[in-house]
Amino acid sequence: MENQLDRVIDEEISSIATFYNQIDDKNLQTVSMTELYDQSFQKRPPIIDGLILPGTYIFAGAPKLGKSFLMLQIAYHVATGTDMWGYHAHKGTVLYLALEDDLRRLQERLFRMFGTECADDLYLATRSDTLEGNLINQMEAFRDDHPDTTLIIIDTLQKVKEQGNDKYSYANDYETIGKLKAFTDFTGISLLIVHHTRKQQSDDHFEMISGTTAIHGAADGAFILHKDKRVGSEAILEISGRDQMDQKLYLNRNAETLIWEITKVEAEEITPPADPILEKVAAFTNKFFCWEGSPSEFVKLLGLDMAPNKLTMYLNVNLGRLAQEYNVEYKSMRTHDGRRIRVIYDPWKA
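So, here is what we can say about the structure in this document. Source: prediction; values computed, not measured. (Residues numbered from 1 in each chain as written. Predicted model: local features only at pLDDT ≥ 70, side-chain atom pairs only at ≥ 80, totals over all residues. Heavy atoms only, no water.)

Re the sheet that holds strand β10 (residues 290-293)
Reading across from one edge, β10-β12-β11 is the order of the three strands in this open sheet, with antiparallel pairing throughout. Of all the strands in the sheet, just β10 and β11 (328-335) have a single pairing partner and so form its edges. Ignoring which end each strand starts from, the neighbouring axes of this sheet average 10° apart. Pairing analysis gives four bridges linking β10 to strand β12 (residues 338-345), with the strands arranged antiparallel. Within β12, the position partnered with Glu292 by the bridge is Arg342. Helix α10 (residues 308-317) rests against β11 and β12 of the sheet, and its axis sits at about 130° to β11. Together, β11 and β12 form the strand contacts of helix α11 (residues 319-326), whose direction differs from that of β11 by roughly 150°. (Pairing = 2+ DSSP bridges. Helix = DSSP H or I, 4+ residues; strand = E, 2+ residues; numbered from the N terminus. Axes fitted to C-alpha atoms, helices over the stretch in contact; angles between N-to-C directions. Contact = heavy atoms within 4.5 Å.)

Shown next, in the form of structure tokens:
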């Protein structure tokens, strides 16, 4: 089973590499709607279910609010694979660029928060190059050395911005975040970028992110940590993103450990209705665990009144739901014998 899943992943990586190698700077690379539906894109798993997804995210808040403590907390839970606030964390290697700290301060903070329960897969650095320099290559080199890296935290954005690029222009901000987003789009990891908010208040807290609107607009989403009372231990974490539901988390900071604890969650969770076609695919795959064949054979086995090519398109589009809701890995491919479908039930996700 493990070899079969590895083969699916290897094929997806190969197809992505082939696509990028075919890019021609002189001509637009277009795809028709039919061709688009004919492709299947493997959905990247979350870092922390319902909380942190692959992509580039801004994490903003006022200075000295406790952002770095929360970053260490997130990093620790991902590196150890332990749930955070009831959200399931998927274990992976974490790189935390604590560029405003030193090793002594990091040691003191981690010990106060977690004692001697170490996270072997949490790596920390207090220096890095800038985006103008070698930062992207440094992160790529770290990922090459640690292929299971799922999360990188940059604390803070100002420390890695191009030297002398302090002008607040939309173009500069968009280019800065765009470089980081290109890295996460290619690698599939999650990048949390710590940033500051402005002193000017706004009813929409996301409008308080320092800089132009390009910083939030170019990223995949943002987290805003704010307090109603500066001296209080309570705070609110607001979350907004392209691929996740908006949430408002009410937090309280433990006075002894300085760990952020959750007290309440506000979220409008949208649950899609049951899909009869996906349920038939899941029931079939759960019974046989692994099957491969032509779309025509699959339509007959499922007992569907549906054209084989339409079923292939349907499953291509709903690949993510099959994996997340039904624990079924799906792959569509072309061979010299024609179109083939492969479905694998992954019991470890159940």
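Digging into the sheet that holds strand β5 (residues 190-196)
On the basis of which strands lie adjacent, the open sheet formed by nine strands has the order β3-β2-β4-β5-β1-β6-β7-β8-β9 and mixed pairing. Edge positions in the sheet fall to β3 (122-125) and β9 (260-267), since each of these pairs with one other strand and no more. When the angles between neighbouring strand axes are averaged without regard to direction, this sheet yields 20°. Sheet topology places strand β2 (residues 93-98) next to β3; four bridges connect them, and they run parallel. Residue pairing across strands places Tyr96 opposite Leu124, the latter belonging to β3. The strands that helix α5 (residues 135-145) touches are β2, β3, β4 (149-155) and β5; relative to β4, the one it contacts most, it runs at about 145°. Running over the sheet, helix α6 (residues 170-187) touches β1 (55-61), β4 and β5 and is turned about 135° from β1.

Side note on the packing of aromatic side chains
Under the criterion given, the structure shown has ten aromatic pairs. Judged by centre distance (3.7 Å) and plane angle (5°), the ring pair of Tyr76 and Phe114 falls under stacked. Taken as a pair, Tyr76 in helix α3 (residues 67-80) and Phe114 in helix α4 (residues 103-114) lie far apart in primary sequence, 38 residues in all. You'll find Tyr76 and Phe114 in the same group, each marked buried. Taken together, a centroid distance of 5.6 Å and an interplanar angle of 75° make the contact between Phe284 and Phe298 edge-to-face. You can see Phe284 sitting in helix α8 (residues 276-288) and its partner Phe298 sitting in helix α9 (residues 295-302), a full 14 residues away along the chain. One exposure class covers both Phe284 and Phe298, and it is buried. Through pairs of rings, three or more aromatic residues link up here, namely Phe284, Phe288, Trp291 and Phe298. One cation-aromatic arrangement involves Arg253 over Phe69; the distance from NZ or CZ to the ring centre is 4.5 Å. Residue placement shows Lys264 over the ring face of Tyr250; its charged tip is 4.4 Å from the ring centre. (Phe/Tyr/Trp six-rings, centres within 6.5 Å; stacked < 30°, edge-to-face > 60°. Buried < 20%, exposed > 50% of the residue type's maximum accessible area, 1.4 Å probe, protein only. Lys NZ or Arg CZ within 6 Å of the ring centre and 35° of its normal.)

A look at the packing of α5 against α6
Two elements in contact, α5 and α6, have axes whose closest approach is 11 Å; the angle formed by their N-to-C orientations is 20°. When the axis of α5 is compared with that of α6, the two are roughly parallel. Here α5 runs over α6; the crossing is right-handed. Of the residues in α6, those in contact with Leu135, Ile136, Met139, Glu140 and Arg143 of α5 are Lys179, Leu180, Phe183 and Thr187. Its residues placed into classes, the contact of α5 with α6 shows five nonpolar, one polar and three charged. (Parallel < 35°, antiparallel > 145°, perpendicular 65-115°, else oblique. Left-handed = near helix turned anticlockwise from the far one by under 90°. Nonpolar A, V, L, I, M, F, W, Y, C, P; charged D, E, K, R; others polar.)

Structural notes on the pattern of salt bridges
This structure, assessed with the given rule, holds 16 salt bridges. Residue Arg104 pairs with Glu108 through a salt bridge whose shortest N-O separation is 3.1 Å. On the criterion of helical spacing, the pair formed by Arg104 and Glu108 is a turn pair, its members being four residues apart in helix α4. Under the relative-accessibility criterion, Glu108 is labelled partly exposed at 44%. With its nearest N and O atoms 4.0 Å apart, the salt bridge here joins Glu292 to Arg340. Separated by 48 residues along the polypeptide, Glu292 in strand β10 and Arg340 in strand β12 bring together distant segments of the chain. By sharing partners, the salt bridges in this structure join Lys181, Asp185, Asp220 and Arg242 into a single network. (Salt bridge = Lys/Arg side-chain N within 4 Å of Asp/Glu carboxyl O.)

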